[in-house]
Amino acid sequence: MATADHVLTPDDFAGFVNEVHGDLTPGGQLREPFPWQQALLDRILAEGRWPDVIDVPTGLGKTSVLDVSVFVAALRPDLAKRRTFFVVDRRLVVDEAHEHAVRLNRALQTASTPICARVAEALRAEGDEDGPVLTVTRMRGGATWDRIWLERPDRYAIIAGTVDQVGSRLLFRGYGVNEYGRSIDAALVGTDSLIVVDEAHLAEAFRATVTAALNLDDWPLGLRPALVIMSATTPDDTGRQLIVHSITDRDRHHPVAGGRLTAPKRLRLVEVATSRRKASLDVPRALADLTLRLTPEGVVAVVVNTVSRARAVFELLNKEVEAILLTGRGRGIDRELLLAGYYDRIRVGRDYDDRRPFVIVATQTIEVGANIDVDALVTDSASLPALIQRLGRLNRLGLRDVPAPAYVVHDSSTDDEDPVYGQARLTTWRWLTEQAPISTLKNLHAAADGLPASPAALRTMAATAPPEASIARPVHVPVLLPPTLDAWTRTSPTPHPDPPIAPYLHGITDEVPPVTIAWRAGLPLDAPERWAVVAGFVPTTSTETIDVPAREVRRWLLQHDDAQPVADIDIPEPAESDPRSAQPEHRGRERAPRSCDDRERPQVLRYRCDGTPEIITAQRIRPGDTIVVPVEYGGCDRFGWHPDSNIPAVDVADLAARKRGPILRLGPHLRHLAAYLTTATLTTGTASDQPANAHDSQDAINALLHFVRHDPEVDRPHAYRDRLKTLLATLASDNLLGQVVQTLLGYPSQRQRPSMTATPTRQLDPVTGAVWTPEFPILLSAARPRQADDESETGSSSSAYPGKRIGLDPHQRAVAARAAQMARNIGLDLRLTSSVRVAGELHDEGKRDIRFQTMLFAGRRAAAELAPEPLAKSGIDPANKTEARRARDAAGYPPKMRHEALSARIAALHLTTHPQRAVTEIVSLSGPKQTCRAR
């Protein structure tokens, strides 16, 4: 055990793992790393680099590479990477890598155990004593305009992300990133980073492109990223000998790892005789029937290939047994609610003595990133890698004495053109039928004992499978040429034409980006011109959105009945007629309301990539769009995407986590939100302290809304405290709305306790010019310091602390000191560090322009001329764009002019006339006070 003066050694890794994750081990046993995990650490320390490939079967803790990465950074910072990216190209119901990183960060932040305390001390950057030891964040799809995902480049970080989000940033074309921020994100991803690609067979194009880009980059500065793929197959890398790290006999003989590798499972084959026309009814019935027969086993998972089939199976089973539906086509907040109630019943390490029947109906979303353990499995036929991943959720710990049953169900209408898995599905089925007999639902015993399906058996068996069983569709990756890479490095202005990056991230396929949908209350169906204002009060975040194929979105809005299969993986969309000519179909059944233009075409609010909103018709929706629709449109329930639902969706925007603190709109939608949360909690039975009367929260909300409508003090934050406390008393402790209210009231103990602000939402009607108020007349927010927006000509003049002016000279000195400190921490040499410091001292010199100073003084030139010192920040709230633009216009500062351009010219002239400046800086930095802890 480490002591206060103990020096970390590789042998401490086992203790580190136990301190971080030991409470997850049943019975209080020690949580030790598996042999392959300790061997990975030892290998990195011995060879001075990460292996190219990590080949480890599912269930053996692949996410522990994050523990290894952090421990290497503490033990040997010269071998470590400052940012670790864990890339998974799937929509996840549970992001195990992110949760793993959060647990790791929590242990380091509290540092309540000896080894964690030593690791935290080693990782903490000089000058960052008040910040977190480790930054943990996620890069997921969806519309979010919070561009700052990493606060300090010298702080160690773990980022879980998708191929699109990580890859686009690496290639200088970050999705959702302003052109001024592209180079920053590219530097953060592309230097001093470890990029770990999980299930690399799903991201072959990304791997090939990153490898090619690194081979083309011969720039001498900066630390090159390391690319590590986790895959059961070693990719072809143009003849280069790849270093592969895999399990050994020590893992096979390990009491825990060996038990997981040989976990007893039996795989049986079942065929359903049907036709294309009848498959949508026959196959769900067969899957439900077989699942009900297996419910005595305990927890049963039914994994199917499309969301519509999952919904059909769930509706059949939910009438007979307790069941849950999990798909990747759902809102993150809804999944959080579902898992809060059910995850303890399905996760690894659950109470295995609880034999109550329970069914998980899921799609591909549980194949990756979900630490789920079930007692029996029923699955659609699929490609071989998909089946192996699904079988990995069965008897995951190998605790059963008898083999866990698994059934692969195949419908006879499947052909080589399967919309999800192409030829791989049929090829895999035919290959499996050569290994074991086929049965039917009426004659299940014909399957006999089936096939052994332990991870070890599957690895052996998969080695003999035809290649076509693993390749759903061949991926053709374009060759990355130097001119293409050079064009991407030109970030502002963007070159025209600009080479697209999608083919380099996913290959040349027919796949297209999905449409991101958010549902909002308060969007009047008869006044779509007001939607942009209403939706703009609360920016959309990824946790309240769903990604759906564009074709399916258009069909849903037009209320067509002939929907196409929707999977959790993006698949090519079938050809369709010109959507602009499509008209709504009315089949007699009740339809959800739509806001339509004068030609009866449904309308939505679309946000462009720069955040500009516009009203468009359904026919104009294109792949990659982000749209906001009224809740009255339906199409979403607590289980996710449900295009057949006419019930209004629930607006969950107030529950979304935001870096600047929560936002709560006080309007009628709160009644529906509170009822939804109460119903979800009662259904899952998670809260032991449910209020005795469920109507109490509704009464508290009604009283709050009555006050908002009639009290003259509606814009005074203190007036809401007692009413919010009353509401909080009616909500369960685990209620998400209650957590938002708690934060607004400042209950959580934190260094920067937020102060609540109340903002009226009165607006001028864009058509009539009259004053009107949205459904929520007041917006409550936790007013924490805001990040200034440096991406506009006026934004960088705003202060993170509204109302506080900052002088130019002290600001530049502070920036120079902080920048030099960060440069030392990340290991830049003295010459570069001095350059960074000088740049910091001169970076805002362009603000000395009297016109810019006049703008900082709210357009008053006399005040600017008489001021004792020039300003760097005006004190204007960065959210108040109107006031900033008015000050700019009054000052006569040219629109679109950037003070940075003038600052750069002044800096160049300054260094020309004072060449000794750089030498002086180097000498001052090389003095006895310099402490460079990095490389």
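Anything mentioned here points back to the structure above.
Here is a short report on the structure shown in this document.

### Some points on the side chain of Thr63
- Tracing the backbone shows Thr63 in the loop between strand S1 (53–55) and helix H3 (65–75).
- On the accessibility criterion, Thr63 (10% relative accessible area) is buried.
- Here His100 takes part through its side chain, which lies 3.5 Å from a polar atom of the side chain of Thr63.
- Ignoring anything within four residues of it in the chain, the contact list for Thr63 reads Phe86, Glu96, Ala97 and His100.

### A look at the pattern of salt bridges
- In the structure shown here, the tally under the stated rule is 42 salt bridges.
- The partner of Asp78 in a salt bridge is Arg76, and the shortest N-O contact between them spans 2.8 Å.
- For Asp78, a relative accessible area of 42% puts it in the partly exposed group.
- Residue Glu544 pairs with Arg520 through a salt bridge whose shortest N-O separation is 2.8 Å.

### Quick word on the pairing of strand S9 (residues 299–303)
- For S9, the tally of buried residues reaches 5 of 5 residues, placing the bulk of the element in the interior.
- Along S9, one buried face is formed by Val299, Ala301 and Val303 and the opposite face, lined by Val300 and Val302, is buried too.
- Judged from the 5 bridges that link them, S9 and strand S11 (residues 358–362) form a sheet pairing that is parallel. Residue pairing in the sheet places Val299 in a bridge with Phe358 of S11.
- Strand direction decides the pairing type here: S9 and strand S12 (residues 376–380), joined by 4 bridges, are parallel. The partner of Val302 across the bridge, within S12, is Val378.

### Quick look at the packing of aromatic side chains
- Following the criterion strictly, the structure yields 12 aromatic pairs and no others.
- Aromatic pair Phe707 and Tyr720: ring centres 5.3 Å apart, planes at 85°, arrangement edge-to-face. Within this pair, whereas Phe707 is found in helix H22 (residues 695–710), its partner Tyr720 is found in the loop between H22 and helix H23 (721–729), the two being separated by 13 residues in sequence.
- Judged by its relative accessible area of 6%, Phe707 is buried.
- For Tyr720, a relative accessible area of 0% gives the class buried.
- Above the face of the Tyr156 ring, Arg82 is positioned so that its terminal group lies 4.7 Å from the ring centre.
- Sitting above the plane of the Phe707 ring, Arg723 keeps its charged end 3.9 Å from the centroid.

### Some remarks on unusual backbone geometry
- Here the residue pair Ser492 and Pro493 is connected by a cis peptide bond, since its omega of 0° sits within 30 degrees of zero.
- In this structure, the amide linkage connecting His496 to the following residue, Pro497, adopts the cis form with an omega of 0°.
- Tracing the sequence through the fold places Pro497 in the loop between helix H17 (482–489) and helix H18 (502–506).
- Positive phi values are uncommon outside glycine, yet Glu600 reaches one of about 60°.
- Tracing the backbone through its elements, the reader meets Glu600 in the loop between helix H20 (550–558) and strand S18 (603–607).

### Some remarks on the environment of Pro668
- Of note, Pro668 is situated in the loop between strand S23 (663–666) and helix H21 (669–684).
- For the pair Pro668 and Asn702, spaced 34 residues apart in sequence, the C-alpha separation works out to 8.5 Å.
- Excluding its chain neighbours within four sequence positions, the residues that come into contact with Pro668 are Leu705 and Glu775.

Reading the values: the criteria
Residues numbered from 1 in each chain as written. Predicted model: local features only at pLDDT ≥ 70, side-chain atom pairs only at ≥ 80, totals over all residues. Heavy atoms only, no water. Helix = DSSP H or I, 4+ residues; strand = E, 2+ residues; numbered from the N terminus. Buried < 20%, exposed > 50% of the residue type's maximum accessible area, 1.4 Å probe, protein only. Polar contact = N/O pair within 3.5 Å; in protein donor to acceptor, adjacent residues only side chain to side chain. Contact = heavy atoms within 4.5 Å. Salt bridge = Lys/Arg side-chain N within 4 Å of Asp/Glu carboxyl O. Pairing = 2+ DSSP bridges. Phe/Tyr/Trp six-rings, centres within 6.5 Å; stacked < 30°, edge-to-face > 60°. Lys NZ or Arg CZ within 6 Å of the ring centre and 35° of its normal.

Take it as geometry only, folks, not as evidence of what the structure does.
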